[in-house]
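# Results of the structural survey
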Amino acid sequence: MAGGNERSMKALKEVWRRAENSLCADCGKPDPDWASSTLGVFICLSCSGIHRNIPSISKVKSLKMDHWDDAQVQFLAKHGNAVTKATYEAHIPIYYYQPTYNDCQVLREQWIRAKYERREFTEPGKQLPYSDGVKEGILWKRGRDNGQFLPRKFLLSEREGCLKYFTKQDAKEPKINVKIDVINATFQPVKIGNPNGLQITYLKDNKTRNIFVYHESGKEVVDWFNAIRSVQFHYLKVAFPIASDNEIKNRLTRNFLKEGYMEKTGPKQREAFKKRWFTLDHRRLMYFKDPLDAFAKGEVFVGSRENGYSVQKGLPSGTQGNFSWHYGLTIVTPDREYLFTCETETDQLEWIAAFTSVINQAMTPQEYASKYLDVVS
């Protein structure tokens, strides 16, 4: 009996060591140490918890702590991540957002359920709830002034190339009508205070406007997210006919590079530093008095190194403004320097790394055109 156990463990380790199984099959996290004995995939601890919630589809076990019999090991050997992905990820739409281990719970859970429970990607041309080119429904939207979440009707239309929302169910005219190419959407469960919280941003009069929404159903809010990406994708295919699918995919919704509190001073650099919430959305650095503000108090364009932009650790010597945080950084632009302070050294280094990643990238023609947004004060 002991010999059989040793043989099974040896065979299990051999399958586990295959290169295809070195990353979680669902989120890509390195060194997964759990597996599904019914699906044949190697997964991380976090994804194993999601699999546990669909026991009719997936039964998970620890590769280190649980016993695996010969039949289960043979099943893993026959399948593994590559074979299973070839079945369950065979026909993923190019625009569908495939989450990583850095993404929030609702995105990862709905990705796993879409693959294995609903089998959305196993057949070509399957009609999906986010692929119709139109989506209409209720989302709970945060009021700009009172902070209350109230149900609002939203309408997304590929034919019209826009997203609308209405303050009343029977309203003839929308409260907003936003072109799809100026929209971004990113999940913000912590900031919004709801596990299904979604932040929708768009440009209005060359300024960024935020809308905060959620839906009680994780599936519904993720369907909205992927519907926005679907409509954007088809819109951009028409707008940029020679661009590859991957180039267009990279233009779809994006996560913010960095968010958090810093202190800032004004252009004279003698004013007191004030605590503000900052969001770095690629080349747009925006600041808000409150993380859930609808409009930024100011924005600054962050260009490339070759155009005279840089980030420096610390503040210029002789800085006069009063500040309570002592980990400073300076953004240098062709026009002026922007001074910020962070609460901790970790925050300081993370912000510097985020700015550096942007500054080191060459600017596109579209980014040159938006350079006039350097309006922070």
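Note that the structure is a prediction, hence the values are computed from the model and not measured.

Bridge count between strand β4 (residues 134-142) and strand β5 (residues 149-157): 9 bridges; the pairing is antiparallel. Along β5, the bridge assignment pairs Leu139 with Arg152. Hairpin connection, β4 to β5: the antiparallel pair is bridged by 6 residues, and Gly147 has positive phi, about 75 degrees. In this sheet, strand β6 (residues 162-166) lies alongside β5 in antiparallel orientation, the contact comprising 5 bridges. For Ser157, the partnering residue across the bridge sits in β6 and is Cys162. Count of turn residues in the β5/β6 antiparallel hairpin: 4 residues, of which Gly161 carries a positive phi of about 65 degrees.

Before going further, it helps to examine the UniProt feature "domain: PH" (unreviewed entry) in the chain. The UniProt record marks residues 132-233 and 255-360 with the feature "domain: PH" (unreviewed entry), using the residue numbering of this structure. Strand forms 38% of residues 255-360 and helix 14%; the C-alpha atoms that close the span are 19 Å apart.

A few words now on the sheet that holds strand β11 (residues 258-264). One open sheet accounts for 7 strands, arranged β14-β13-β12-β11-β17-β16-β15; its pairing is antiparallel. In the strand order of this sheet, the two ends are held by β14 (298-301) and β15 (310-313), each with one partner. Here the average twist between neighbouring strands, direction ignored, is 35 degrees. Contacts from helix α9 (residues 345-359) reach β11, β12 (274-281), β13 (284-288), β15, β16 (327-332) and β17 (337-342), with the element oriented near 160 degrees to β15.

Bringing the pattern of salt bridges into the picture now. Evaluated as defined, the whole model comprises 18 salt bridges. Note that Lys237 is salt-bridged to Asp245, the shortest N-O span being 2.8 Å. Taking relative accessible area as the criterion, Asp245 reaches 32% and is therefore assigned partly exposed. With a closest N to O distance of 2.5 Å, Glu299 and Arg284 form a salt bridge. Of this pair, Glu299 sits in strand β14 while Arg284 sits in strand β13, and the two are 15 residues apart along the sequence. The class for Glu299 is buried, based on a relative accessible area of 2%. A cluster of three or more residues bridged by salt bridges with shared partners is formed by Asp26, Lys85, Glu89 and Lys115.

In this section: the environment of Thr356. Along the chain, Thr356 falls in helix α9. Measuring from C-alpha to C-alpha, the distance between Thr356 and Met65 comes to 43 Å, with 291 residues separating the pair along the chain. With residues up to four places along the chain from it excluded, the contact list for Thr356 reads Arg305 and Val311. Side-chain polar atoms of Thr356 contact the backbone oxygen of Ile352, separated by 2.7 Å.

The residues that UniProt annotates with the feature "domain: Arf-GAP" (unreviewed entry) are residues 6-129. Note that residues 6-129 is 40% helix and 6% strand, and that its end C-alpha atoms are spaced 48 Å apart.

Let's shift gears to the domain arrangement of the chain. The parts lose accessible area when they come together, and the size of an interface is often stated as this lost area. Taken domain by domain, the chain comprises domain 1 (1-117), domain 2 (134-250) and domain 3 (258-375). Averaged C-alpha coordinates put domain 1 and domain 2 at centres separated by 33 Å. In this assembly, 8 residues from domain 1 lie in contact with 17 residues from domain 2. On the domain 1 side of the contact with domain 2, Ile94, Tyr95 and Val106 bury the most area, a combined 54% of that side's loss. At the surface where domain 1 touches domain 2, the tally comes to 0 salt bridges. Class assignment for the residues of the side of domain 1 that touches domain 2 results in 7 nonpolar, 1 polar and no charged.

With antiparallel pairing, the 3 strands of this open sheet are ordered in space as β2-β1-β3. Each edge of the open sheet carries a strand with a single partner, namely β2 (42-43) and β3 (60-62). Two strands pair when backbone bridges link them, and strand β1 (residues 34-36) and β3 are joined in this way by 3 bridges, in the antiparallel orientation. Bridging across to β3, Ala35 finds its partner in Lys61.

Glancing now at the pairing of β6. Every other side chain in a regular strand lies on the same face of the sheet, so the side chains alternate between the two faces. A large share of β6 lies buried, amounting to 5 of its 5 residues. Burial of β6 is two-sided: the residues Cys162, Lys164 and Phe166 facing one way and the residues Leu163 and Tyr165 facing the other way are all buried. Where β6 meets strand β7 (residues 176-179), 4 bridges bridge the pair, whose relative direction is antiparallel. Within β7, the position partnered with Leu163 by the bridge is Val178.

Now for the state of the cysteines. Within the structure shown, the criterion is met by 0 disulfides. Cys27 supplies the cysteine sulfur nearest to Cys44, a cysteine that is in no disulfide, at a spacing of 3.7 Å.

Residues Ile43, Leu156, Ile183, Phe187, Leu198 and Ile200 are the most contacted members of the largest nonpolar core, which totals 55 residues. Ranked by residues supplied to this core, first place goes to helix α7 (residues 218-239) with 9 residues. Residue contributions to this core reach at least three from each of two domains, namely domain 1 (1-117) and domain 2 (134-250). In this structure, Leu156 is in contact with Gly133, Val134, Lys135, Cys162, Leu163, Ile180, Trp224, Ala227, Ile228 and Val231, ignoring residues within four places of it in sequence. Of all hydrophobic cores here, the second largest spans 22 residues; its members include Phe278, Leu329, Ile331 and Ala354.

Criteria and thresholds
- Residues numbered from 1 in each chain as written.
- Predicted model: local features only at pLDDT ≥ 70, side-chain atom pairs only at ≥ 80, totals over all residues.
- Heavy atoms only, no water.
- Pairing = 2+ DSSP bridges.
- Helix = DSSP H or I, 4+ residues; strand = E, 2+ residues; numbered from the N terminus.
- UniProt positions renumbered as here; feature names shortened; annotations may be inferred.
- Axes fitted to C-alpha atoms, helices over the stretch in contact; angles between N-to-C directions.
- Contact = heavy atoms within 4.5 Å.
- Salt bridge = Lys/Arg side-chain N within 4 Å of Asp/Glu carboxyl O.
- Buried < 20%, exposed > 50% of the residue type's maximum accessible area, 1.4 Å probe, protein only.
- Polar contact = N/O pair within 3.5 Å; in protein donor to acceptor, adjacent residues only side chain to side chain.
- Domains from an automatic or database assignment.
- Buried area = accessible area lost by both parts, 1.4 Å probe.
- Nonpolar A, V, L, I, M, F, W, Y, C, P; charged D, E, K, R; others polar.
- Disulfide = S-S within 2.5 Å.
- Core = buried A, V, L, I, M, F, W, Y, C linked by side-chain atoms within 4.5 Å.

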